[in-house]
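Coordinates in review
Below, each chain spelled out in residue letters.
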Amino acid sequence: MEEKPRVVVTRSRRPETAAQDFSFTADTLPVDGALMDFRLRARETYRRLPMPSTAEEAWRRTDLRGLPVGAFRLPATDSYRDLPPVPAGLLKPLVSSQHGGQVVLLPGGSRADVDPALVKQGVIFTDLRTAEREHPDLVTQLAGELVRPEDGKFAALASAFSQDGVLLYVPKGVTVEQPLHSILWGAGPGLAHISHILVWLDEGASATYVHETASPDEGSASMHAGSLEVRVGNDASLKFVELQSWGKHVWNFTHARAQVERGGNLDWIFGAVGSKLTKTFAEIDLAGEGASGRMSGFYFTDGSQHLDLDTQQNHHAPHTTSDLLYKGALKGDSRMVWQGMIYVAPGAQKTDGYQANRNLVLSKGARADSIPGLEILADDVRCTHGATVGKLEEEPLFYLKSRGIPQVEAEQLVVEGFFDPIMQRIPFEGVRERFEQVIHRKMIAG
Amino acid sequence: MSELVVKNLHVSIEDKEILKGVDLTVRQGEIHAIMGPNGTGKSTLAYTLMGHPAYTVTEGEVWFKGQNVLEMEADARSRLGLFLAFQYPVAIPGVTVANFLRTALNARRRAANPEDKGVPIPEFRKTLKEKMELLKMDSGFAGRYLNDGFSGGEKKRAEILQLATLKPDIAILDETDSGLDIDALRIVSEGVNALSGPALGVLVITHYQRLLNYIKPQFVHIMLGGRIVESGGPDLALHLEEHGYDWVREKYEEATP
């Protein structure tokens, strides 16, 4: 007697490229505040969107299959009390002798401190929970306007589940002389740190704002998802420094978007040295005539770090200028991807767009992919781009050694020289010094 | 008094033998010139003495201040007191002349004393200013990226500036006259002459006699086919200027296939 083999077809099988979902997303939303409606909507979007897979262009070079989704939980209130404290060095002013204000975001808590003189002028600089209580109209007006939950799984995640964040508002015509500083200290193995930063400089205002994310190196995985929305009003001017030094176990996902209105100016500095894996979307919209934006990025990866940066410069209005320079060094078996796009909308004439990405690969195992792109729908524009991947050459090193400089120092000098053009764009001694220390540390490590 | 002693030096690059037994002694305070046609191994000798990794020593010895130089990396040789002025100085983008020189000086100080805090900035500025005036260099030069976009003359002057700042015991000048116009040649030579004296031994490597009108050697050597085939006084250089290299070739060609 013969039996026919039974064929079972399972149509609902997940594609192998898709990671599972986070366990904490089944929990209640973290804050019952002004943003509750926004969070609820974002959570719906989050549920609808699939986990990114390498089948999507933006995620083609960043594989999330190794992401231990089930391992993360949201920090409980006050959990920072049992975790390593923020190192004093990170709390020190980076760009001046003193702060105009400082917001410290910790797992399950935060503290904010701002110069009373600024408060008197109407400047708001505080943590997001406080902002939801004290400035509900402002936060609901800003949240989700630039980084929309629909922009991606992690944009939706950050929008819905952010436990904390920062609100910076500078009223019309107010100049904030002393820099403002916020730090997100994400200690705690297994924790998911989720943040939402809102910045609005009203017409003619000016400020310098430094936002840092950091954590110690820890044994088991943790993660960060962030949404960062920056609005620079008409004729306003913002220097924005974003520094990332996550521990080597951190999976880091951010969506950042800045809008610059008529005559406004944004000087956006981005530095990344940490994390296990980072996927960042950074976008600038030059929305009003004469708006300008400069994006300066520096990064140094080593070990098995993976850094994937998406940048987009959107020229929506005539006479707008954008200038992007990202430079990075790679060591060990680390990997870097930069994918940049300049978009010029129809009618955005006389725009000037520039993007360049330069990489220095310091070891055989490291790899950099640099992918510039242009999409130009206006005819009277000037857009240029460049991308290079180079390595340490023997001749410069021999030359330096022939002057008595030992190998390691010679390599370090060449690397520092490589970064010099980008350091020249950073008017803050403290930021440069901090990065030089990282270069030094990474160069001498194995 | 320190001396650089080269004994029966054989050097290959990618398995091709370039130097076939060079013997030479240069003492502090002496000026030697090595002359010879192109492709006879003059630059190979210079690079090998400085420790370039592409050159393999297959036989022979090099001693300096009683130390076996061949066992040292280029940086250690430099700190011991050897210097090479490159024929083609290498650009180091992003590193200023001042930053580079300070790093080089500090490397020397730290090798001598690991606790050294580095040369004090005012002292360094003063030294640099002095040396730059000696070489008639514009003060803005210190802030430029090393050899990056330098003209031929600027590069060679920068080499002599390094020589002046690092104060070696023995300096090898590899074709320092190449690519220089007559004014630059004079400035560079005057610089070298101002630095030479009992504390400095100089080994000038040149294809042409013209540099020797400015830097006067006491010893002249002719190199051919990877060996020093003739040695003599200043008159040997003059003889070469008059008669060229043909007589040397005729005399030694069979010996150097």
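Residues numbered from 1 in each chain as written. Chains lettered and ligands numbered in written order. Predicted model: local features only at pLDDT ≥ 70, side-chain atom pairs only at ≥ 80, totals over all residues.

Brief notes about the overall build of chain B
Along the backbone of chain B there are eight helices and 10 strands. The C-alpha radius of gyration computed for chain B amounts to 18 Å, which stays within 12% of the reference 18 Å derived for 257 residues, consistent with globular compactness. Overall, the C-alpha framework of chain B stretches about 60 × 40 × 35 Å when taken along its three principal axes. In chain B, which comprises 257 residues, the share counted as buried stands at 43%. (Helix = DSSP H or I, 4+ residues; strand = E, 2+ residues; numbered from the N terminus. Rg over C-alpha atoms; globule rule 2.2 N^0.38 Å. Buried ≥ 20, exposed ≤ 12 C-beta atoms within 10 Å, placed from the backbone.)

With respect to the overall build of chain A
Looking only at helices and strands, chain A has nine helices and 20 strands in total. Relative to its length of 446 residues, chain A is compact, with a C-alpha radius of gyration of 22 Å against a globular reference of 22 Å. Each principal axis of the C-alpha atoms in chain A carries an extent, and together these give about 85 × 60 × 55 Å. Scored against the burial criterion, the 446 residues of chain A give a buried share of 53%.

A word on the nonpolar core
Nonpolar side chains tend to gather and get buried jointly when the protein is soluble and globular. L168 of chain A together with I172 of chain B are the most contacted members of the largest nonpolar core, which has 197 residues in total. Excluding residues that lie within four positions of it along the chain, I172 of chain B makes contacts with A46, L49, F83, L84, A85, L203 and I205 of chain B. (Core = buried A, V, L, I, M, F, W, Y, C linked by C-beta atoms within 7 Å. Contact = placed C-beta atoms within 7 Å.)

Side note on the environment of D63 of chain A
Residue and element names in this part refer to chain A. Tracing the backbone through its elements, the reader meets D63 in the loop between α1 (36–48) and α2 (88–91). Since 15 C-beta atoms lie within 10 Å of it, D63 is described here as partly exposed. Residues D63 and V273, spaced 210 residues apart in sequence, show a C-alpha to C-alpha distance of 20 Å.

Some remarks on the sheet that holds strand β9 (residues 219–224) of chain B
Residues and elements named next belong to chain B. Taken in spatial order, the six strands make up an open sheet running β6-β7-β8-β3-β9-β10, and their pairing is mixed. Every interior strand has two partners, whereas the edge strands, β6 (82–85) and β10 (227–232), have only one. Within the sheet, the average angular offset between the axes of one strand and its neighbour, ignoring direction, is 20 degrees. As defined by bridge partners, strand β3 (residues 31–35) adjoins strand β8 (residues 201–206) across five bridges and the pair is classed as parallel. Bridge pairing links H32 to L203 in β8. (Pairing = 2+ DSSP bridges. Axes fitted to C-alpha atoms, helices over the stretch in contact; angles between N-to-C directions.)

Regarding the packing of helix α5 (residues 152–166) of chain B against helix α6 (residues 182–195) of chain B
Residue and element names in this part refer to chain B. In contact at an axis separation of 10 Å, α5 and α6 are set at 5 degrees when each is read in the N-to-C sense. The orientation of α5 relative to α6 falls into the category roughly parallel. Counted together, G153, K156, R157, I160, L163 and A164 of α5 and A184, I187, V188, G191, V192 and L195 of α6 form the full contact between these two elements. In terms of residue class, the contact of α5 with α6 is made up of eight nonpolar, two polar and two charged. (Parallel < 35°, antiparallel > 145°, perpendicular 65-115°, else oblique. Nonpolar A, V, L, I, M, F, W, Y, C, P; charged D, E, K, R; others polar.)

With respect to the environment of L392 of chain A
All names here are of chain A. Here L392 shows up in the loop between β20 (382–391) and α7 (394–401). Taking the number of C-beta atoms within 10 Å as the measure of exposure, L392 has 16 and is therefore partly exposed. Separated by 22 residues in sequence, L392 and S370 have C-alpha atoms that sit 18 Å apart. When near neighbours in sequence (up to four residues on either side) are disregarded, L392 contacts L362, L397, E411 and V414.

What about the confidence of the model for chain B?
Summing up the model confidence of chain B, the mean pLDDT is 93 and the portion of residues at 70 or higher is 98%. Reported for the predicted complex are a pTM of 0.88 and an ipTM of 0.96. (pLDDT = per-residue confidence, 0-100.)

So, the interface of chain B and chain A
Contact with chain B, which involves 21 residues of that partner, is made by 22 residues of chain A. When contributions to the side of chain B that touches chain A are tallied by element, the ones reaching two or more residues are α2 (74–80), α3 (97–112) and α5 of chain B. Counted by class, the side of chain B that touches chain A contains 12 nonpolar, five polar and four charged residues.

Points about the sheet that holds strand β1 (residues 3–13) of chain B
Residue and element names in this part refer to chain B. If you walk across this open sheet you meet the four strands as β2-β1-β4-β5, and the pairing is antiparallel. Only two strands of the sheet have a single neighbouring strand rather than two, namely β2 (16–27) and β5 (67–68). In this structure, strand β4 (residues 56–64) lies alongside β5, joined through two bridges in antiparallel fashion. Residue F64 lies in a different strand from β5, and its bridge partner there is Q67. Across the sheet, helix α1 (residues 42–50) lies against β1, β2 and β4, angled at about 70 degrees from β2, the strand it touches most.

Comments concerning the pairing of strand β8 (residues 222–232) of chain A
Residues and elements named next belong to chain A. Summarising burial for β8: 11 of the 11 residues are buried, a large majority. In β8, alternate side chains face the same way, and those of S222, H224, G226, L228, V230 and V232 on one face and M223, A225, S227, E229 and R231 on the other are all buried. Sheet topology places strand β6 (residues 192–201) next to β8; 10 bridges connect them, and they run parallel. The residue bridging S195 from the neighbouring strand is G226, located in β8. In this sheet, strand β10 (residues 250–260) lies alongside β8 in parallel orientation, the contact comprising 11 bridges. Bridge pairing in β10 links A225 to F253.

Section: the confidence of the model for chain A
Averaged over every residue, the pLDDT of chain A is 92; residues scoring 70 or more account for 95%. Taken as a whole, residues 12–17 of chain A scores under 50 in pLDDT and shows five contacts with residues more than four places along the chain or in a different chain.

Here's the deal with α6 of chain B
All names here are of chain B. The end-to-end C-alpha distance of α6 is 20 Å, a good match for the 20 Å that 14 residues give at a rise of 1.5 Å each. Taken as a whole, α6 has its buried residues at L185, I187, V188, S189, G191 and V192. Buried residues along α6 sit in contact with α4 (121–134), α5, β7 (170–174) and β8. (Expected span 1.5 Å × (residues − 1).)

What about the pairing of β2 of chain B?
As judged from the nine bridges shared by β1 of chain B and β2 of chain B, these two strands associate in the antiparallel manner. Bridge assignment links I13 of chain B to a residue of β2 of chain B, and that residue is K16 of chain B.

Examining the packing of α7 of chain A against helix α8 (residues 407–423) of chain A
Residue and element names in this part refer to chain A. Relative to each other, α7 and α8 sit at 120 degrees, their axes nearing to 9 Å. Regarding the angle of α7 to α8, the classification is oblique. For α7 against α8, the interelement crossing comes out right-handed. In contact with P396, L397, L400 and K401 of α7, α8 contributes Q407, A410, E411, L413 and V414. Classifying every residue of the contact of α7 with α8 by side-chain character gives six nonpolar, one polar and two charged. (Left-handed = near helix turned anticlockwise from the far one by under 90°.)

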